[in-house]
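Residue-level listing of the chains:
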Amino acid sequence: MHTKIESLKHQMLVDLKLAKSETEVKDVEVRYLGRSGVFNDILKGLKDLPDEQKRTIGKLANETKEELEADIVKRNAEIANEMLGSLADSEWMDVTVPGAVPTAGHRHPITHFMDDIEAIFAKMGFAVADGPEVELEHYNFNMLNIPEDHPARDMQDTFYLKDLKKHVLRTQTSPVQIRTMEKQDPPIRIVTMGKTFRKDSDATHSPMFHQLEGLMVGKGVSMANLKAVMAHAFQQIFEDPTIKTRFRVSFFPFVEPGMEVDCTCPICRGNGKLPDGVPCRLCKQCGWLEVAGAGMVHPQVLKNVGYDPEKVSGFAFGFGLDRMVMIKHHINHLRLFYENDLRFIQQF
Ligand code: DAH
């Protein structure tokens, strides 16, 4: 009997050592010390023994049981400790390591540029106007002094809408001038920016592109005002106060006189070549860049919206936004803006 208790005790200590979690320890405890465990079987068998043995074996069995209960508590503490130890190994962190910066999106370079333009003109007192991209021929052409048989209609390869008679995808932002003047009396100072459409597609033309249009109408508005506004705008856009502006005579049906506006080439700064002597390709070495169309609003256009050309005058200008962004960021292909390749977009 004696040796049986000893060997049971030994066996249980081995099992206890093998138990790796509190549940496994519990299993061992139930198996050996539980109500129907092996130790209880021994205690139950005591009654068949002679008195002398009953006492010594009983005592030994009880003592061993208590001892083993203490071993159980000890083993549980060991397991808890081991778990904490491995947690510290696997879950530790260095709170001094700089955090991972989440990738955030940002505005498209063209949108960004539009916001800058808006701010530049807002400082000169210009409000922002808006107009539809699907436009009536009436606004896109007729009201701008381009009647149906006018050759100027051929200057712009127009997308006509099949099912919406008399509608086009606007070829220019100039119709917003008309819509604004119809709604409002002078004085007027607005800019408008947005998508325009023409049947065109190459490195510098895309069937969809963006224009910026400006209009100022009031008493005594002159070409000097136009030149001042243009000059200031280009200096702000290219962030260079030395940029100059010049006008060349040109023709647009809705202005008289009409002109093309050039500004100092922002790449070679008017020198025709770069600091290292390389000829400037952007301005083809002439030092000037053609950037906008402009002019004094044609008296017929003023009459079309019910203004009296004897009392008020105005200037208008329009330029390609995409081209300005290309010049500003030295980009050589227009379609890069519209392909949404993140490797390109992320550079801005
Ligand atoms: N709408 C013209 C174009 O798309 C640009 C333009 C020229 C706008 C002269 C104007 C202007 O307002 O006065 O080619």
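Whatever comes next refers back to the structure up there.
These numbers come from a predicted model, not from an experiment.

Novice: For this particular structure, what's the right way to read the nonpolar core?
Specialist: Soluble, globular proteins show a tendency: their nonpolar side chains are buried together. Residues Phe 121, Leu 212, Phe 234, Ile 237, Phe 315, Phe 317 and Phe 319 are the most contacted members of the largest nonpolar core, which totals 46 residues. What Ile 237 contacts, discounting residues up to four positions off in sequence, is Phe 113, Ile 117, Ile 120, Phe 319, Met 324 and Lys 328. Judged by nonpolar contacts, the second largest core, of 23 residues, contains Tyr 139, Met 143, Val 217 and Val 297.

Novice: Mind showing me how you'd approach the side chain of His 167 here?
Specialist: With respect to the helices and strands, His 167 occurs in strand E3 (residues 167–169). Among the polar contacts made by the side chain of His 167, one reaches the main-chain carbonyl oxygen of Lys 165 at a distance of 3.1 Å.

Novice: Sorry, what's going on with the pattern of salt bridges here?
Specialist: Should their charged atoms come close, side chains of opposite charge can pair. Scanning the entire structure with this criterion turns up 20 salt bridges. Ionic pairing is found between Arg 248 and Glu 290, a salt bridge with its closest N-O pair at 3.6 Å. Of this pair, Arg 248 sits in strand E6 (residues 245–250) while Glu 290 sits in strand E8 (residues 288–297), placing them 42 residues apart in sequence. Look at Arg 248 and you get partly exposed, because its relative accessible area is 29%. In this structure, Arg 343 and Asp 341 form a salt bridge, with 2.7 Å as the shortest nitrogen-oxygen distance. Shared partners join several salt bridges into a network, and the residues in it are Arg 246, Arg 248, Glu 260, Asp 262 and Glu 290.

Novice: Looking at this model, I keep getting lost on the site of the ligand. Mind explaining?
Specialist: In the vicinity of the ligand, 16 residues are found, and the nearest of them are Gln 172, Ser 174, Arg 198, Gln 211 and Glu 213. Here a nitrogen atom of the ligand sits 3.0 Å away from a polar atom, N or O, in the side chain of Ser 174. Interatomic distance of 3.4 Å between a backbone N/O atom of Phe 317 and an oxygen atom of the ligand. Relative to its unbound accessible area of 360 Å², the ligand is 92% covered by the protein chains. Going through the elements one at a time, strand E5 (208–218), E8 and strand E9 (313–320) are the ones with two or more residues in the shell around the ligand.

Novice: How should I be thinking about the sheet that holds E5 in this particular structure?
Specialist: Sheet strands pair via backbone hydrogen bonds, and the direction of the pair is either parallel or antiparallel. Taken together, 7 strands build an open sheet; the order of strands is E1-E4-E5-E9-E8-E7-E6 and the sheet is mixed. Whereas interior strands pair on both sides, the edge strands pair on one side only; in this sheet they are strand E1 (127–128) and E6. Strand direction decides the pairing type here: E5 and E9, joined by 8 bridges, are antiparallel. Across the sheet, residue Glu 213 finds its bridge partner in E9, namely Gly 318. Seen against the sheet, helix H5 (residues 109–123) touches E1, strand E4 (188–197), E5 and E9 and runs at an angle of roughly 165 degrees to E4. Against the sheet, helix H8 (residues 223–237) contacts E6, strand E7 (255–264), E8 and E9, and its axis sits at roughly 30 degrees relative to E9.

Novice: Please clarify how unusual backbone geometry should be interpreted in this entry.
Specialist: Keep in mind that most residues, glycine aside, have a negative phi and that most peptide bonds are trans. With omega at 5 degrees, the peptide bond leading from Pro 186 into Pro 187 counts as cis. For the peptide bond that leads from Glu 256 to Pro 257, omega is -5 degrees, which places it in the cis range. Within the secondary structure, Pro 257 sits in strand E7. With phi around 70 degrees, Asn 145 is a residue other than glycine that occupies positive phi space. Residues other than glycine seldom take positive phi values, yet Gln 285 does so here, at roughly 70 degrees. Along the chain, Gln 285 turns up in the loop between E7 and E8. Exposure remark for Gln 285: the relative accessible area of 52% places this residue in the exposed category.

Novice: Help me understand the pairing of E6 in this model?
Specialist: Pairing of E6 with E7 involves 6 bridges; the strand directions are antiparallel. Counted as the bridge partner of Thr 245 is Cys 263 from E7. Hairpin connection between E6 and E7: a loop of 4 residues separates the two successive antiparallel strands.

Novice: Would you explain the side chain of Gln 211 in this entry?
Specialist: Residue placement: Gln 211 occurs in strand E5. Among the polar contacts made by the side chain of Gln 211, one reaches the main-chain amide nitrogen of Thr 173 at a distance of 2.9 Å. When near neighbours in sequence (up to four residues on either side) are disregarded, Gln 211 contacts Thr 171, Gln 172, Thr 173, Thr 192, Met 193, Gly 194, Thr 196, Arg 198, Phe 319 and Leu 321.

Conventions and cut-offs
- Residues numbered from 1 in each chain as written.
- Predicted model: local features only at pLDDT ≥ 70, side-chain atom pairs only at ≥ 80, totals over all residues.
- Heavy atoms only, no water.
- Core = buried A, V, L, I, M, F, W, Y, C linked by side-chain atoms within 4.5 Å.
- Buried < 20%, exposed > 50% of the residue type's maximum accessible area, 1.4 Å probe, protein only.
- Contact = heavy atoms within 4.5 Å.
- Helix = DSSP H or I, 4+ residues; strand = E, 2+ residues; numbered from the N terminus.
- Polar contact = N/O pair within 3.5 Å; in protein donor to acceptor, adjacent residues only side chain to side chain.
- Salt bridge = Lys/Arg side-chain N within 4 Å of Asp/Glu carboxyl O.
- Near = heavy atom within 4 Å.
- Areas by Shrake-Rupley, 256 points an atom, 1.4 Å probe, with all protein chains shown as cover.
- Pairing = 2+ DSSP bridges.
- Axes fitted to C-alpha atoms, helices over the stretch in contact; angles between N-to-C directions.

Spatial relationships are all this shows, so hold off on functional conclusions.
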